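Per-entry structural report
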Amino acid sequence: MEILRRSSSLWVLPILLLCFFINNGVFVDASHKVYMHLQSTTSHVDVSKVHRTGYHFQPPKNWINDPNGPMYYNGVYHLFYQYNPKGAIWGNIVWAHSVSKDLINWIPLEPAIYPSKVFDKYGTWSGSATILPGNKPVILYTGIVDANKTQVQNYAIPANISDPYLRKWIKPDNNPLIVADKTINKSQFRDPTTAWMGRDGNWRILVGSVRNHRGKVIMYKSDKDFMKWTKAKHPLHSAPGTGNWECPDFFPVSLKNKNGLDTSYNGKDIKHVLKVSFDVTRFDHYTVGTYDTKKDKYFPDNTSIDGWKGLRLDYGNYYASKTFFDNGKNRRILLGWANESDTVDNDVRKGWAGVHPIPRKIWLDPSGKQLVQWPVQELETLRKKKVQLNNKKLNKGEKVEIKGITVAQADVEVIFSFTSLDKAEPFDPSWADLYAQDVCAIKGSTVQGGLGPFGLLTLASKNLEEYTPVFFRIFKAQDKYKVLMCSDASRSSLKNETTMYKPSFAGYVDVDLADKKLSLRSLIDHSVVESFGAGGKTCITSRVYPTLAIFDKAHLFAFNNGAERITIETLNAWSMANAKLH
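Residues numbered from 1 in each chain as written. Predicted model: local features only at pLDDT ≥ 70, side-chain atom pairs only at ≥ 80, totals over all residues. Heavy atoms only, no water.

As annotated in an unreviewed UniProt entry, the chain carries the name Apoplastic invertase and comes from Solanum tuberosum. Listed under Sequence similarities (unreviewed entry) in UniProt, the entry text for the chain is "Belongs to the glycosyl hydrolase 32 family." We quote the UniProt Subunit (unreviewed entry) comment for the chain here in full: "May be present in two forms, a 70 kDa monomer and a heterodimer of the 30 kDa and 38 kDa subunits. The ratio of the levels of the two forms within cells appears to be regulated developmentally." (UniProt positions renumbered as here; feature names shortened; annotations may be inferred.)

Quick look at the pattern of salt bridges now. The final tally for this structure, using the stated rule, is 31 salt bridges. R331 serves as the salt-bridge partner of E378, at 2.6 Å between the closest nitrogen and oxygen. A residue pair is termed long-range when its members are at least 10 positions apart, and E378 in the loop between β25 (371-375) and β26 (383-394) and R331 in strand β22 (residues 331-337) qualify at 47 residues. Each member of the pair, E378 as well as R331, carries the same accessibility label: buried. Salt bridges linked by common partners bring E380, R383, D411, E413 and R521 together as one network. (Salt bridge = Lys/Arg side-chain N within 4 Å of Asp/Glu carboxyl O. Helix = DSSP H or I, 4+ residues; strand = E, 2+ residues; numbered from the N terminus. Buried < 20%, exposed > 50% of the residue type's maximum accessible area, 1.4 Å probe, protein only.)

In this structure, the largest pocket encloses a volume near 1200 Å³. Along the lines of polarity and charge, the residues of the lining of the largest pocket split into 21 nonpolar, eight polar and seven charged. When residues are assigned to domains, the lining of the largest pocket turns out to be shared by domain 1 (62-375) and domain 2 (382-576), each giving three or more. Roughly 380 Å³ of internal volume is contained in the second largest pocket. Contributing elements (two or more residues each) for the lining of the second largest pocket: β1 (62-73), β5 (123-132) and β21 (319-326). It is β1 that provides the largest number of residues to the lining of the second largest pocket, a total of four residues. (1 Å grid on protein atoms, 1.4 Å probe; cavity = no way out; pocket = protein on both sides within 12 Å on 5 of 7 lines; lining within 4 Å. Points joined across faces, edges and corners; volume = space filled by probe spheres on them. Nonpolar A, V, L, I, M, F, W, Y, C, P; charged D, E, K, R; others polar. Domains from an automatic or database assignment.)

Under the definition given, this model contains 29 aromatic pairs. In this arrangement the basic side chain of R312 is found over the ring face of F283, its NZ or CZ atom lying 3.9 Å from the centre. (Phe/Tyr/Trp six-rings, centres within 6.5 Å; stacked < 30°, edge-to-face > 60°. Lys NZ or Arg CZ within 6 Å of the ring centre and 35° of its normal.)

Sites flagged by UniProt as "domain: Glycosyl hydrolase family 32 C-terminal" (unreviewed entry) map to residues 378-575. The straight-line gap between the two end C-alpha atoms of residues 378-575 is 15 Å; of that span, 4% is helix and 50% is strand.

What follows concerns the pairing of strand β12 (residues 203-211). A large share of β12 lies buried, amounting to eight of its nine residues. Relative to β12, strand β10 (residues 189-190) is paired through two bridges, and the arrangement is antiparallel. By the bridge assignment for β12, F189 is matched with S209. Pairing of strand β11 (residues 196-197) with β12 involves two bridges; the strand directions are antiparallel. The residue of β12 that forms the bridge with W196 is R204. The turn linking β11 back onto β12 is made up of five residues, and G201 within it adopts a positive phi angle of 85°. By the bridge criterion, nine bridges tie β12 to strand β13 (residues 214-222) in an arrangement that is antiparallel. Bridge assignment links G208 to a residue of β13, and that residue is V217. The loop that links β12 with its antiparallel partner β13 comprises two residues; one of these, N212, has a positive phi angle of about 55°. (Pairing = 2+ DSSP bridges.)

Bringing the sheet that holds β1 into the picture now. The strand order across the open sheet formed by five strands is β4-β3-β2-β1-β23, and the pairing between neighbours is mixed. Edge strands, defined here as strands with exactly one partner in the open sheet, are β4 (107-113) and β23 (352-353). Here seven bridges tie β1 to strand β2 (residues 76-84), and the two strands are oriented antiparallel to one another. Paired with N68 across the two strands is F80, which belongs to β2.

Within the secondary structure, G267 is located in the loop between β16 (245-254) and β17 (270-278). Take G267: its relative accessible area is 30%, and that puts it in the partly exposed class. Separated by 15 residues in sequence, G267 and P252 have C-alpha atoms that sit 9.5 Å apart.

Quick look at the environment of K186 now. The topology assignment puts K186 in the loop between β9 (178-179) and β10. Separated by 34 residues in sequence, K186 and V152 have C-alpha atoms that sit 7.9 Å apart. Once residues lying within four places of it in the same chain are set aside, the contact partners of K186 are K149, T150, Q151, A180 and D181. (Contact = heavy atoms within 4.5 Å.)

Looking now at unusual backbone geometry. Note that the residue after N175, namely P176, is joined by a cis bond; omega there is -5°. Here P176 lies in the loop between β8 (169-170) and β9. A cis amide bond links G452 with the next residue in sequence, P453, at an omega value of 10°. Locating P453 in the fold gives a position in strand β30 (residues 451-460). Here A320, not a glycine, exhibits a phi torsion of approximately 55°, which is positive. By the element assignment, A320 lies in strand β21. Residue A320 is classed as buried on the basis of its relative accessible area, which comes to 1%.

Per the domain assignment, the segments of the chain are domain 1 (62-375) and domain 2 (382-576). Each of domain 1 and domain 2 has a C-alpha centre, and the two are 32 Å apart. Taken together, the contact between domain 1 and domain 2 spans 31 residues of the former and 31 residues of the latter. In total, domain 1 and domain 2 occlude about 2500 Å² of area from one another, counting both sides; carbon and sulfur atoms represent 53% of this. Of all residues in domain 1, the largest losses of buried area upon contact with domain 2 belong to Y315, S341 and W374, amounting jointly to 25% of the total for that side. Seen at the junction of domain 1 and domain 2, the total is four salt bridges. For the salt bridge of R360 with E530, the shortest nitrogen-to-oxygen distance reads 3.1 Å. At the surface where domain 1 touches domain 2, the tally comes to 17 residue pairs in polar contact (both at pLDDT 80 or more). With five residues, the top contributor of residues to the side of domain 1 that touches domain 2 is β25. In terms of residue class, the side of domain 1 that touches domain 2 is made up of 15 nonpolar, eight polar and eight charged. (Buried area = accessible area lost by both parts, 1.4 Å probe. Polar contact = N/O pair within 3.5 Å; in protein donor to acceptor, adjacent residues only side chain to side chain.)

Structure representation (structure tokens):
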């Protein structure tokens, strides 16, 4: 794994990662591999409680992946998600369905969509929900029609619109709505977006695809009936050398405030966000830009890199995300998937695989350059016992343990401050072409620095045989400063399986250091460390599997390994209750 962490090539790292994932089964690969030899052995496995989360969404057992078509309808949040009812590996996928009043506690229902028709006999893959005029919800999803994975776009509607939970869904016989033409790779044509209505009164959706390694989102248009779809003359957007685009999402964001906007909003003072999941890198990338409604073209701003080195929603284990507009609270909500970083065989033994990170409210940063994300406020209802630390000084090499709460299942918010930037170490020019995670692997939490590393040691064993540090390190790059945020899983577990993925995840934080402060929030949940730097400007989700730091044997420390003294201005930490998930 050292080669993966230290690779300086823009192209080499993702390709090496892809090869690693495919060979070892760490991520579901680009071909959606089915482990047939495991299918018959996974339905009667005793589910292991070790590493299962307490408040992150996951069903009682088996495999989950993408959140599908989330929506808020008549006071109820609906979560549909890809689920294997027969085991803890990818395959046999249905649209599982859960409902909630608060996005935290969920009631499971029977699957909404499952293979049953000629237009989805071989699979019911990801899609989105749209609320049509007259308050009528409709789901668009990708159906697999044959063993060659030919993909079409279908729709489903509620069987009983008066049912508050919309338990049953119908797939009308006039499906599929959209079939790929000869210019499209029919096996890489999936994941329709939430539809939006243009100023001309026609509906539009996007479908992810690729041609000659050029990722693209194909636009289709329909008149008001939502039934007759025609491919637009050109894609909404594409980018060379990026590979297949999955799970696209396209939505407006306000330039004025943090409020969310309906997907069809086309008023003033807005930007648009195009998010796609890169099938090769397995990361969710996005750009901020302008949607030309006359040309039906999207143009990223010059501050958004359009490719593998561009902005990510999360710089860790986070993929296949989807947003929806919550008109009940006037906000846009982001949902995603964090798969396992363990081996497939271990997933089968423990009887489950995959979790969903906490739903996040998202909005455009005042700079207009990036999104900001924050856990939905409803999560705070699970906070229980609290401990607090104020004005604690940490000199070089010092750490302080946070005691008095259950740190294996906790919510921690801390503000660090420092008196000077003078000790920030120089940013090596040779790192300019590296990914942030490469720099984190080189300059980790134990490598003493000038201004940092400082942060939290989460899911730590008593003597630090195991720990997952989440920390900042500040560099001086010519006349400005670069803030590196890391969540480093390399020491997270004593398990020595060579196939376990224990990366040094990292991203840079675009933050003004004039007040000489940095904030960090970490949601710790047994095998999840979900962190938000600088109020949600940079987010990193790690999956880790400690052997010693489990349950009441886990510890939590704040630390400083930099020459500059760090002050913990305030630290608030809460034990977290279990969410009701089933």
